[in-house]
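# Fold and geometry: a report
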Amino acid sequence: MGKHPDDTADLTRLLSEQTDRYIVPGLVRGLAVLLAFSPERPRLTQRELADAVGVTRSAVFRIAYTLTELGFLNHQPETRSYTLGPSVLRLGYGYLASRDLVQVALPHLEVLRDRTGWSAHLGVLEGKDVVYLLRVPTRQGLASIVHVGSRLPAYATTMGRILLAHLSEDEVIALYRDTPLNAAGPRTISDLPALLEQLRQDRARGYVVHIGGFQAGVASAAAALRDVSGNVVASINVSAASTLTDQSEIDDKIVPQLLSAAELLSQALGYAAPPAG
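The sections below set out a description of the structure shown in this document. All of these numbers come straight from a predicted model, not from anything done at the bench.

Our focus in this paragraph is the overall build of the protein. In terms of regular secondary structure, the protein is built from 10 helices and 9 strands. Once local pairs closer than 6 in sequence are excluded, the contacts in the protein between residues at least 24 apart make up 57%. Taken as a whole, the protein presents about 14,400 Å² of accessible surface, with 54% of it coming from carbon and sulfur.

Structure below.
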């Protein structure tokens with residue numbers, strides 16, 4: 001078996017040196033295009049992609065066009081540039097779900113459950129859904145519509161909203177351009193411009209709170225988790241019967257505990273917050 005390439009340079013070197021007839025050159029080039037993006041270079045032009053992969057602009061155009069059609073890239077015509085698309089996120093979250101994210105999160109969610117008395121959950125974004133990977137129920141036995149593996153509309157749920165809030169507006173528009181936003185709870189957003197504005201507020205606030213927003217009679221609050229690269233990779237939330245709480249408890253007790261748990265869990269995933277100031 002050959003070594004696993006770590007970046008675009010490794011892939012292009014593999015392509016130029018390989019003699020293995022089973023390797024598919026087009027696939028290697030496509031992966032090299034995806035690996036050309038980084039936190040320092042989140043937006044690349046066609047010329048920059050061609051230079052990174054070591055192919056002609058016409059060749060990279062076909063690769064980028066294919067990846068865009070499949071949702072792995074987003075194309076911004078006004079700047080003639082590309083960014084990573086939502087399908088890349090789906091691959092990343094599937095990988096996280098198969099690794100130790102649940103194992104790392106479990107003790108933190110148990111502490112969060114015990115300190116708040118609310119059920120705690122872990123979820124990731126897959127397309128337009130938030131997928132529940134872990135549920136730590138409250139000992140009070142509150143009935144819930146969610147279980148591990150549940151898929152709920154992201155825009156209508158606290159975990160989904162905080163995850164969507166950390167996508168670019170172009171990515172959100174690509175997800176919801178042709179989707180009616182009227183299939184969720186009584187207090188959810190019903191059109192795309194309103195959703196974009198709501199997500200701006202969610203991102204600025206750093207957490208999301210619902211009281212009877214998606215599931216009647218349930219209060220919920222969610223915050224995002226970051227990994228070693230600083231990317232938002234998952235979210236956690238807590239939920240309880242809305243009759244057992246009020247806004248002052250949520251503001252004074254629940255949200256601080258939630259944010260503290262999200263910070264500690266992000267650190268456990270390798271995230272180091274930038275210094276203040």
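Among the nonpolar cores identified, the biggest contains 30 residues, and Leu109, Leu112, Leu122, Leu225 and Ile236 are the most heavily contacted of them. Those elements giving two or more residues to this core turn out to be α6 (101–116), β4 (119–126), β5 (129–136), β8 (218–226), β9 (232–241) and α10 (247–268). By residue number, the principal contributor to this core is α10, which donates 7 residues. Residues Tyr132, Tyr176, Leu195 and Val232 belong to the second largest nonpolar core, which totals 27 residues.

Think of a pair of aromatic rings as described by two things: how far the centres are apart, and how the planes are tilted against each other in angle. One pass over the full model with this rule turns up 2 aromatic pairs. Relative to tyrosine 65, the ring of phenylalanine 61 has its centre 6.2 Å away and its plane inclined at 35°; by these criteria the two rings are tilted. A residue pair is termed a helical-turn pair when its members lie 3 or 4 positions apart in one helix, as phenylalanine 61 and tyrosine 65 do in helix α4 (residues 57–69) at 4 residues. Judged by relative accessible area, tyrosine 65 falls into the partly exposed class, the value being 47%. Considering the side-chain rings of tyrosine 155 and tyrosine 176, the 5.9 Å spacing of their centres and the 80° angle between planes classify their relative orientation as edge-to-face. Separated by 21 residues along the polypeptide, tyrosine 155 in the loop between β6 (151–153) and α7 (158–164) and tyrosine 176 in helix α8 (residues 169–176) bring together distant segments of the chain.

Strands sit in the order β1-β3-β2 across an open sheet of 3 strands; the sheet is antiparallel. The sheet is open, and its two borders are formed by β1 (44–45) and β2 (73–76), each paired with just one other strand.

What follows is about the pattern of salt bridges. As enumerated under the stated definition, the model contains 7 salt bridges in all. Between arginine 113 and aspartate 114 there is a salt bridge, with its nearest N and O atoms 2.6 Å apart. Residue aspartate 114 is classed as partly exposed on the basis of its relative accessible area, which comes to 45%. Note that arginine 205 is salt-bridged to aspartate 202, the shortest N-O span being 3.0 Å. With arginine 205 and aspartate 202 both in helix α9 (residues 192–205) and 3 residues apart, the pair spans about one turn of that helix. For aspartate 202, a relative accessible area of 0% corresponds to the buried category. Three or more residues are tied together by salt bridges with common partners; here these are Glu126, Asp129 and Arg151.

Turning our attention to the pairing of strand β7 (residues 208–211). Alternating positions in β7 separate cleanly, Val208 and His210 being buried on one face and Val209 and Ile211 remaining unburied on the opposite face. For β7 and β8, the ladder comprises 4 bridges, and the chain directions are antiparallel. Of the residues in β8, the one forming a bridge with valine 208 is alanine 222.

Further remarks concern the environment of alanine 234. Checked against the element boundaries, alanine 234 lands in strand β9. The exposure class assigned to alanine 234 is buried, which follows from its relative accessible area of 0%. Taking the C-alpha atoms as reference points, alanine 234 and leucine 122, 112 residues apart in sequence, are found 7.2 Å from one another.

Next up on the list: a nonpolar patch on the surface. A surface patch of nonpolar side chains, amounting to about 270 Å² of accessible area, comprises Val24, Leu27 and Leu31. Tracing the chain through its elements places leucine 31 in helix α2 (residues 25–35).

So, about the packing of α6 against α10. With their axes 10 Å apart at the nearest point, α6 and α10 run at an angle of 165° to one another. It follows that α6 is roughly antiparallel to α10 by the angle criterion. The way α6 lies across α10 gives a crossing that is right-handed. Facing Val104, Ala105, His108, Leu112, Arg115 and Thr116 of α6, the residues of α10 in contact are Lys253, Ile254, Gln257, Leu258, Ala261, Leu264, Leu265 and Ala268.

Let us look at the sheet that holds β6. Reading across the sheet, the 6 strands line up as β6-β5-β4-β9-β8-β7 and stay open at both edges, with antiparallel pairing between neighbours. Because the sheet does not close on itself, it has two edges, and the strands there are β6 and β7. When strand polarity is set aside, the average angle formed by the axes of neighbouring strands in this sheet is 30°. Most of the contacts of α10 go to β8, to which it runs at about 25°, and overall it touches β7, β8 and β9.

Definitions and limits used
- Residues numbered from 1 in each chain as written.
- Predicted model: local features only at pLDDT ≥ 70, side-chain atom pairs only at ≥ 80, totals over all residues.
- Heavy atoms only, no water.
- Helix = DSSP H or I, 4+ residues; strand = E, 2+ residues; numbered from the N terminus.
- Contact = heavy atoms within 4.5 Å.
- Areas by Shrake-Rupley, 256 points an atom, 1.4 Å probe, with all protein chains shown as cover.
- Core = buried A, V, L, I, M, F, W, Y, C linked by side-chain atoms within 4.5 Å.
- Buried < 20%, exposed > 50% of the residue type's maximum accessible area, 1.4 Å probe, protein only.
- Phe/Tyr/Trp six-rings, centres within 6.5 Å; stacked < 30°, edge-to-face > 60°.
- Pairing = 2+ DSSP bridges.
- Salt bridge = Lys/Arg side-chain N within 4 Å of Asp/Glu carboxyl O.
- Patch = residues over 30% accessible without salt bridge, like charges linked within 9 Å, V, L, I, M, F, W, Y side chains within 5 Å.
- Axes fitted to C-alpha atoms, helices over the stretch in contact; angles between N-to-C directions.
- Parallel < 35°, antiparallel > 145°, perpendicular 65-115°, else oblique.
- Left-handed = near helix turned anticlockwise from the far one by under 90°.

In short, the description is geometric, and any link to function would need to be established separately.
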